[in-house]
Each structure stands twice: as structure tokens, then as C-alpha cells.
Amino acid sequence: MKNFIQSGKTLTVTLAAAVVSGQFVQLGNAKLPAVATADFAANMPGEYRLDGVFELQADGPSVGAVGDFAYWDPANAVVTSTVGANAKAGVYAAPKAANDLTARVLLCSPSDLA
């Protein structure tokens, strides 16, 4: 196929802020959930993973069952169960109990963001 570019599991993106390996980011106006594959300096191209399960920082009070939506709280840089103005990050891939400060999240696909 002449027009195939890549599998789409990662995207090369240049962000204005530096990131560290494993850091959750939201790409573009769609707030596409992604995770940095390495440390990248500000304004330098980097690779960001768009699929898979990642252990991310979470707010303590949130709880979630496997398959419940997990949202990204950019003000506190944590996954939360609170919808509010927070964008979908994915779904919980393991139960999230109160006082857990991490959560396992399966990243959302672009079609899940609507």
C-alpha cells in the first residue's frame, strides 16, 4: 500500500515543555491521551505512545472499577474519577481503591474521546 506511513501506536510530536519518560500528556485540541516514551527537551521532537496500559499518578480519593472511565486532572497532574472539566484519559485497567496514589489506565482511543 503506497500511502501507509506508520502503525499509529506512537506519534512524533514537538511539545513546548520538557517531559520525562512515562509522563502522561494530552496532545492537541482533542486532548489525545499519550505517554512519553523517553525524556524529551522542550521544543524537541519526541515519541509518544497512544495505546497500552500505564501506571499513572492518581488522586487519593478517587475509586474506579475495571472499565470505568479515568479522567485527567491537568491542574493536579493526576488521574481522577471526577469528570467535571477533566478530559478522558482512558479506562481503569485494574481496580482503583481510595488512597491509592497510582492507577493503571488503558489509554483512550481517539474514537472514545467524543
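Relevant structure appears above.
In what follows, the accompanying structure is described.

Procedures and definitions
Residues numbered from 1 in each chain as written. Predicted model: local features only at pLDDT ≥ 70, side-chain atom pairs only at ≥ 80, totals over all residues. Heavy atoms only, no water. Phe/Tyr/Trp six-rings, centres within 6.5 Å; stacked < 30°, edge-to-face > 60°. Helix = DSSP H or I, 4+ residues; strand = E, 2+ residues; numbered from the N terminus. Buried < 20%, exposed > 50% of the residue type's maximum accessible area, 1.4 Å probe, protein only. Pairing = 2+ DSSP bridges. Axes fitted to C-alpha atoms, helices over the stretch in contact; angles between N-to-C directions.

1. Some details on the packing of aromatic side chains
Counted by the stated rule, this structure contains three aromatic pairs. Ring plane angle 35 degrees and centroid distance 4.4 Å describe the contact between Phe24 and Trp72, whose orientation is recorded as tilted. In this pair, Phe24 is assigned in strand S2 (residues 24–27) and Trp72 in strand S6 (residues 69–73), connecting sequence segments 48 residues apart. The exposure class assigned to Phe24 is buried, which follows from its relative accessible area of 6%.

2. Considering the sheet that holds strand S1 (residues 10–14)
Pairing in this open sheet of four strands is antiparallel, and the strands run S1-S4-S3-S2 from one edge to the other. Either end of the sheet is taken by a strand with one partner, and the two such strands are S1 and S2. Sheet twist, expressed as the average angle between the axes of neighbouring strands with direction ignored, equals 50 degrees.

3. Some details on the pairing of strand S3 (residues 32–36)
Across the five residues that make up S3, a large majority, five, are buried. When S2 meets S3, the two strands line up antiparallel, connected through four bridges. Bridge pairing in S3 links Val25 to Ala34. The pairing of S3 with strand S4 (residues 45–49) spans two bridges and is classified as antiparallel.

4. Details of the sheet that holds strand S7 (residues 78–80)
An order of S5-S9-S8-S6-S7 is seen for the five strands of this open sheet, with the pairing classed as antiparallel. The outermost strands of the open sheet, each flanked by one partner alone, are strand S5 (53–57) and S7. Across the sheet, the axes of successive neighbouring strands diverge by a mean angle of 50 degrees, strand direction being ignored. Inspection of the sheet shows S5 paired to strand S9 (residues 102–107) by five bridges, in the antiparallel sense. Following the sheet pairing, Val53 is matched in S9 by Leu106.

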